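Listed here are the chains, written in short residue letters.
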Amino acid sequence: MPTDLPPRIRIGSPPYLNALPLIEDLRKDRNVDLSLVVPSRLSRLMAAGEFDAALLPSAEYLRKGAYRAVSNAAITCDGDALSVRLYFRVPPSEIRTVALDADSRTSNVLAKIILEKRLLCRPRYRSSADPLRERAVDAAVVIGDNAFRKIDLPYLDLGREWKEWTGLPFVFALWAARRKDRRDWGFLDRAAAEGKRMIPAPIETTYSPIPLGVSSTVLASATSTPGKVIVVIAP
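Scoring rules and cut-offs
- Residues numbered from 1 in each chain as written.
- Predicted model: local features only at pLDDT ≥ 70, side-chain atom pairs only at ≥ 80, totals over all residues.
- Heavy atoms only, no water.
- Salt bridge = Lys/Arg side-chain N within 4 Å of Asp/Glu carboxyl O.
- Helix = DSSP H or I, 4+ residues; strand = E, 2+ residues; numbered from the N terminus.
- Buried < 20%, exposed > 50% of the residue type's maximum accessible area, 1.4 Å probe, protein only.
- Pairing = 2+ DSSP bridges.
- Axes fitted to C-alpha atoms, helices over the stretch in contact; angles between N-to-C directions.
- Contact = heavy atoms within 4.5 Å.
- 1 Å grid on protein atoms, 1.4 Å probe; cavity = no way out; pocket = protein on both sides within 12 Å on 5 of 7 lines; lining within 4 Å.
- Points joined across faces, edges and corners; volume = space filled by probe spheres on them.
- Nonpolar A, V, L, I, M, F, W, Y, C, P; charged D, E, K, R; others polar.

**What about the pattern of salt bridges?**
- For the structure on display, the rule yields 15 salt bridges.
- Two residues, Asp80 and Arg160, come together in a salt bridge whose shortest N-O distance is 2.8 Å. Of the two residues, Asp80 sits in the loop between β4 (67–77) and β5 (84–88) while Arg160 sits in helix α5 (residues 158–166), which places them 80 residues apart along the sequence.
- The exposure class of Arg160 is partly exposed, given its relative accessible area of 29%.
- Here the salt bridges share partners, and the residues they tie into one network are Arg10, Asp52, Asp181 and Arg183.

**Considering the sheet that holds β5**
- A sheet is described by the order of its strands in space; here 5 strands give the open sequence β7-β6-β8-β5-β9, paired in mixed fashion. Both edges of this open sheet fall to β7 (124–128) and β9 (155–157), since each of them pairs with a single strand only. Going across the sheet, the axis of each strand differs from the next one's by a mean of 25 degrees, ignoring polarity.
- Both strand β6 (residues 97–101) and strand β8 (residues 139–143) contribute to a ladder of 2 bridges, which runs parallel. Bridge pairing in β8 links Val98 to Ala139.

**Considering the sheet that holds strand β2 (residues 32–36)**
- Spatially, β2-β1-β3-β10-β4 is the arrangement adopted by the 5 strands of the open sheet, whose pairing is mixed. Each edge of the open sheet carries a strand with a single partner, namely β2 and β4. Neighbouring strand axes in the sheet, compared pairwise and without regard to direction, differ in orientation by 25 degrees on average.
- Bridge count between strand β1 (residues 9–13) and strand β3 (residues 53–57): 2 bridges; the pairing is parallel. Bridge assignment links Gly12 to a residue of β3, and that residue is Ala54.
- Strands in contact with helix α4 (residues 106–118) are β3 and β10 (170–178); relative to β10, the strand with the most contacts, it is inclined by about 140 degrees.

**Looking at empty space enclosed by the protein**
- Scanning all chains against the criterion turns up 2 cavities of 30 Å³ or more.
- Its boundaries defined by the atoms lining it, the largest cavity holds a volume of some 190 Å³.
- The wall of the largest cavity is formed by 17 residues, among which Tyr16, Pro39, Ser107, Ile143 and Phe172 lie closest to the centre.
- Across the lining of the largest cavity, the residue classes break down as 10 nonpolar, 6 polar and 1 charged.

Structure below.
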């Protein structure tokens, strides 16, 4: 009697709270091998063929052109993103140096768009594993759960800035696979629907450092709704 099992589907996702509604149900799926890695590394591993599908940064999705969207679920905002912030030490119009988050892809691109196109700044950028520790810069991009730390600096919510500037929602990450991979990815939509149903019940046990009230707000804005969402990423 044959004992070989079909290979598990290799799925990559960011390790942040706003991905939780999309991936929580996948943790229980025996056919899925789920890996949680920061967006910058996730992009490299996806490009190297280490994942069959990933909750891929939208900047990477558009830059490569080698992927197709395989689900209606995404990490989006239609206004405040809450977990994507640009902290600043000088008035925003005077920002000249910026520490980008080395873990980020899309949020760094969005920060550059807001600074250069909306605020008409021409800053110099550096990448940092901990942008807020870069004391010599005027501003720092902070993403993910780190944005919920108590930080005594003013900030711009980049999702809000985008919405006020363009009137459009923004997609930070979406489920993507290679164009030649034509398998049925419907289980990702089903997982998102199940995740939306059962969240926020498990959050305090899974992500204990994040207050439940904050988590509920994040999840409400991070779970996509059916319909067309427009994404614009500048080069």
